[in-house]
Amino acid sequence: MRVAVVIGAPAVLALASAVPAATAPGAGTSLVITYVEDSARPATAIRWTLRCDPPRGTHPRRSRVCRELARVGWRAFSPVPPGTACAELFGGPQVALVRGRVGGHAVWARLSRADGCQIERWSKVPSLLPAGGPT
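Bear in mind the structure is a predicted one, so any value in this text is a computation, not a measurement.

## Brief notes about the sheet that holds strand 4 (residues 95-102)
Right, so step 1: Across the sheet, five strands lie side by side as 3-2-1-4-5; this open sheet has antiparallel pairing. Either end of the sheet is taken by a strand with one partner, and the two such strands are strand 3 (56-57) and strand 5 (105-112).
Right, so step 2: The sheet contact formed by strand 4 and strand 5 spans eight bridges and is antiparallel. Looking at strand 5, one finds that R99 is bridged to W108.
Right, so step 3: Lying over the sheet, helix 2 (residues 62-72) contacts strand 1 (30-36), strand 2 (46-51), strand 3 and strand 4, oriented at roughly 60 degrees with respect to strand 2.
Right, so step 4: Packed on one face of the sheet, helix 3 (residues 116-123) meets strand 1, strand 4 and strand 5 and runs near 130 degrees to strand 5.

## Observations concerning the state of the cysteines
Right, so step 1: As enumerated under the stated definition, the model contains two disulfides in all.
Right, so step 2: The disulfide partner of C52 is C66, and the gap between their sulfur atoms is 2.0 Å. Negative torsions about the S-S bond denote left-handed disulfides, and the value of about -90 degrees found for C52 with C66 makes this one left-handed. Of this pair, C52 sits in the loop between strand 2 and strand 3 while C66 sits in helix 2, and the two are 14 residues apart along the sequence.
Right, so step 3: Two residues, C86 and C117, share a disulfide whose sulfurs are 2.0 Å apart. Taking the torsion about the S-S bond as the criterion, the C86 to C117 disulfide, at about -100 degrees, is left-handed. Pair noted here: C86 is in the loop between helix 2 and strand 4 and C117 is in helix 3, with a separation of 31 residues, a long-range link.

## Section: helix 2
Right, so step 1: Regarding helix 2, the residues found buried are V65, C66, E68 and L69. One side of helix 2 carries all its buried residues, which in axial view fall inside an arc of 165 degrees. Facing away from the buried side of helix 2 by over 90 degrees, the exposed positions are R67, A70 and R71.
Right, so step 2: Among the structural elements, strand 1, strand 2 and strand 4 are those in contact with the buried residues of helix 2.
Right, so step 3: Looking one or two residues past helix 2, G73 carries a phi angle of roughly 75 degrees, positive in sign.

## Some points on the pattern of salt bridges
Once their charged atoms are close, side chains differing in charge can pair, the charge on each being opposite to the other.
Right, so step 1: Evaluated as defined, the whole model comprises one salt bridge.
Right, so step 2: Between D38 and R41 there is a salt bridge whose closest N-O contact spans 3.6 Å.
Right, so step 3: In this structure R41 comes out as partly exposed when scored by relative accessible area, which is 46%.

## What to know about the pairing of strand 1
Regular strands place side chains that alternate from one sheet face to the opposite one.
Right, so step 1: The element strand 1 is extensively covered by neighbouring structure, given that five of its seven residues are classed as buried.
Right, so step 2: Where strand 1 meets strand 2, six bridges bridge the pair, whose relative direction is antiparallel. Pairing of S30 across the sheet is with R51, part of strand 2.

## What about the nonpolar core?
Right, so step 1: Among the nonpolar cores identified, the biggest contains 21 residues, and F77 and L129 are the most heavily contacted of them.
Right, so step 2: Elements represented by at least two residues in this core include exactly strand 1, strand 2, helix 2, strand 4 and strand 5.
Right, so step 3: Leaving out residues up to four positions away in the same chain, F77 has contacts with L69, V98, V102, V107, A109, L111, R121, V125 and L128.

The rules behind each value
- Residues numbered from 1 in each chain as written.
- Predicted model: local features only at pLDDT ≥ 70, side-chain atom pairs only at ≥ 80, totals over all residues.
- Heavy atoms only, no water.
- Pairing = 2+ DSSP bridges.
- Helix = DSSP H or I, 4+ residues; strand = E, 2+ residues; numbered from the N terminus.
- Contact = heavy atoms within 4.5 Å.
- Axes fitted to C-alpha atoms, helices over the stretch in contact; angles between N-to-C directions.
- Disulfide = S-S within 2.5 Å.
- Buried < 20%, exposed > 50% of the residue type's maximum accessible area, 1.4 Å probe, protein only.
- Arc of directions from axis to C-beta.
- Salt bridge = Lys/Arg side-chain N within 4 Å of Asp/Glu carboxyl O.
- Core = buried A, V, L, I, M, F, W, Y, C linked by side-chain atoms within 4.5 Å.

These results come straight from atomic positions and should not be treated as a statement about function.
This is the structure in structure tokens:
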């Protein structure tokens, strides 16, 4: 049981800052992942849903992905910074679109295997997508 005694505005601010972010409205993890094995054939898209805490949805590795997302967080979907030198390495024709929320933060990411930087982004949450590679 929680008891809070509020005397004035500073106490409200202190109490509000003590509440974990996970309890804030909109917190949590909920994703829609659209995966395409070959970007030249987008009609072959597979769509998965994922929610964590507890793990549920249509993704085949829900529990593992939720554990990985809890560890790496929403920043796993951050774009490659402009001006970054990326190895000219083709990792395969696979592409994926990930959108939703991770830990309460909105995410929208287009992932591919077009070069070394994109392959690294693809691999940040290993269980989220198939390993990929040339088809």
